[in-house]
2 protein chains.
Amino acid sequence: MPEQNGVEVCEFLCAHESVVAEVRAHMPDEDTLFELAEFYKVFGDSTRIRILTVLCRHEMCVCDLATILSMNQSAISHQLRILKQARLITARREGKQVFYSLADDHVHHLLDTAIEHLAER
Amino acid sequence: MPEQNGVEVCEFLCAHESVVAEVRAHMPDEDTLFELAEFYKVFGDSTRIRILTVLCRHEMCVCDLATILSMNQSAISHQLRILKQARLITARREGKQVFYSLADDHVHHLLDTAIEHLAER
DNA sequence: TAAACATATGAACAATCATTCATATGAAGG
DNA sequence: CCTTCATATGAATGATTGTTCATATGTTTA
């Protein structure tokens, strides 16, 4: 049994009191952790990952994205909106078309390392 | 209008053919991108992020986690299973209790940088 | 071995979310 | 202006998922 200041067994809910207290004191605030989860959630969809991967190579208009990913225009537009709200991509209108690209090098780098990481597995 | 090998307007679905062809040729395969999305999906839930944040500081048994996060034991157990399947955490049984901890330093580092990154915003 | 305790798990439910369909907005060209 | 084309968006739908409840598994102790 690991001892933590002599407290080793459950009290009410089996709490190792001192450890619980210590961890609680150092927890980042709820809002930050929620935001963090929301940020990851955006990456947690294969359509959005595919869009980002494409934009990693080249800026792209909506219908080209739809062609490449074999999905209809509406679905792509909806996902682009989510990516834009998360500030991962930016839009540039040129006549009738709208060209999307990665928001900054940081997103680019984030994607590159993620793909590398997967390749290593 | 940006020109791509002279093709600048939509054909069937407004495709800038050469760019589409070039991007298609360099796309990582679907399975890899799907896996990547699945990986991020695990981080895309605030309960799981909170669990990981706690384990970042200290290994922890299930009921202590439940206490800290003010959730019932079953909910925690379900989420721990998901984190374990994703190889983000490992379990160590000690008598009646099971202690969970981060799988390796890589996960630890990944979390630290993520929280840092959010703080900067 | 029976009881108590910590954890795991299956089923059910509610909530969230991605996609589709229909339609609206906004720009270019006749 | 009216039409055509590219994109955006609201509503509806089907699928996925987090949590809860009830219960099972596995371990210790009386």
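Everything numeric in this text was worked out from a predicted model, so none of it was measured.

With that settled, the discussion passes to the overall build of chain A. A count of helical and extended segments in chain A gives 6 helices and 3 strands. Ordering the α and β elements of chain A from the N terminus gives α-α-α-β-α-α-β-β-α. For chain A, the residues scored as buried account for 45% of the 121 residues in total. At a minimum sequence separation of 6, the contacts of chain A that also span at least 24 residues come to 42%. Surface accessibility of chain A: about 6500 Å² in total, with carbon and sulfur atoms responsible for 50%.

What follows covers helix 3 (residues 46-57) of chain A. Taking 1.5 Å per residue, 12 residues should reach 16 Å; helix 3 of chain A reaches 17 Å between its end C-alpha atoms and fits that length. Thr47, Arg48, Ile49, Arg50, Ile51, Leu52, Thr53, Val54, Leu55 and Cys56 of chain A are the residues of helix 3 of chain A that are buried.

Residue and element names in this part refer to chain A. Helix length check: helix 5 (residues 73-85), at 13 residues, gives a terminal C-alpha distance of 18 Å against a target of 18 Å (1.5 Å per residue), a fit within 8%. Among all positions in helix 5, only Ile76, Gln79, Leu80 and Leu83 are buried. Buried residues along helix 5 cover an arc of 110 degrees about the axis, so they all sit on one side. Buried residues belonging to helix 5 abut helix 2 (30-43), helix 3, helix 4 (62-69), strand 2 (89-94) and strand 3 (97-102). Of the residues flanking the start of helix 5, the one acting as N-cap is Asn72, its side-chain oxygen 3.1 Å from the backbone nitrogen of Ser74.

Moving on: the interface of chain A and chain B. A common way to report how large an interface is uses the accessible area buried once the components associate. At the interface, 56 residues of chain A touch 56 residues of chain B. Where chain A meets chain B, there are 4 salt bridges. When the shortest N-O distance is used, the salt bridge between Glu22 of chain B and Arg57 of chain A registers 3.7 Å. Run the count over chain A and chain B and you get 6 residue pairs in polar contact (both at pLDDT 80 or more). Counting residues per element, the side of chain A that touches chain B draws most heavily on helix 2 of chain A, which supplies 11 residues. Looking at the side of chain A that touches chain B residue by residue, the classes come out as 31 nonpolar, 13 polar and 12 charged.

With that out of the way, let us pick up the pattern of salt bridges. Opposite charge on two side chains permits pairing when their charged atoms draw close. Residue and element names in this part refer to chain A. Under the definition given, this model contains 10 salt bridges over all chains. The salt bridge involving Glu38 is made with Lys41; its shortest N-O contact spans 3.1 Å. Residue Glu38 and its partner Lys41 are both found in helix 2; the two are separated by 3 residues, about one turn of the helix. One network of salt bridges, with partners in common, ties together Glu59, Arg92 and Glu94.

Let's shift gears to the relation of the copies chain A and chain B. When chain A is fitted onto chain B, the two copies agree to an RMSD of 0.0 Å after a turn of 180 degrees and an axial shift of 0.0 Å. Here the transformation between the copies is reduced to the relation of a two-fold axis. When you check the interface residues of chain A against chain B, 100% turn up at the interface there too, and the contact is symmetric in its surfaces.

Attention shifts here to the sheet that holds strand 3 (residues 97-102) of chain B. Residue and element names in this part refer to chain B. In space, the 3 strands of this open sheet follow the order 1-3-2, with antiparallel pairing throughout. On the outer flanks of this sheet lie strand 1 (60-61) and strand 2 (89-94), each paired with one strand and no other. As defined by bridge partners, strand 1 adjoins strand 3 across 2 bridges and the pair is classed as antiparallel. Looking at strand 3, one finds that Cys61 is bridged to Phe99. The sheet strands contacting helix 5 (residues 73-85) are strand 2 and strand 3, and the helix crosses strand 2 at an angle near 120 degrees.

A separate point is the packing of aromatic side chains. Both the distance between ring centres and the angle between the ring planes are used here to describe each pair of aromatic rings. For the coordinates displayed, the defined rule picks out 7 aromatic pairs over all chains. Here Phe39 of chain A and Tyr40 of chain A contribute two aromatic rings whose centre-to-centre distance is 6.1 Å and whose plane-to-plane angle is 70 degrees, an arrangement assigned as edge-to-face. Residue Phe39 of chain A shares its accessibility class with Tyr40 of chain A, and that shared class is buried. Residues Phe43 of chain A and Tyr40 of chain B carry aromatic rings whose centres are separated by 4.9 Å and whose planes lie at 35 degrees to one another, so their mutual orientation is tilted.

How each quantity is defined
- Residues numbered from 1 in each chain as written.
- Chains lettered and ligands numbered in written order.
- Predicted model: local features only at pLDDT ≥ 70, side-chain atom pairs only at ≥ 80, totals over all residues.
- Heavy atoms only, no water.
- Helix = DSSP H or I, 4+ residues; strand = E, 2+ residues; numbered from the N terminus.
- Buried < 20%, exposed > 50% of the residue type's maximum accessible area, 1.4 Å probe, protein only.
- Contact = heavy atoms within 4.5 Å.
- Areas by Shrake-Rupley, 256 points an atom, 1.4 Å probe, with all protein chains shown as cover.
- Expected span 1.5 Å × (residues − 1).
- Arc of directions from axis to C-beta.
- Polar contact = N/O pair within 3.5 Å; in protein donor to acceptor, adjacent residues only side chain to side chain.
- Salt bridge = Lys/Arg side-chain N within 4 Å of Asp/Glu carboxyl O.
- Nonpolar A, V, L, I, M, F, W, Y, C, P; charged D, E, K, R; others polar.
- Least-squares fit on C-alpha atoms with pLDDT ≥ 70 in both.
- Pairing = 2+ DSSP bridges.
- Axes fitted to C-alpha atoms, helices over the stretch in contact; angles between N-to-C directions.
- Phe/Tyr/Trp six-rings, centres within 6.5 Å; stacked < 30°, edge-to-face > 60°.

It is worth stressing that arrangement in space is one thing and function is another; only the former is reported here.
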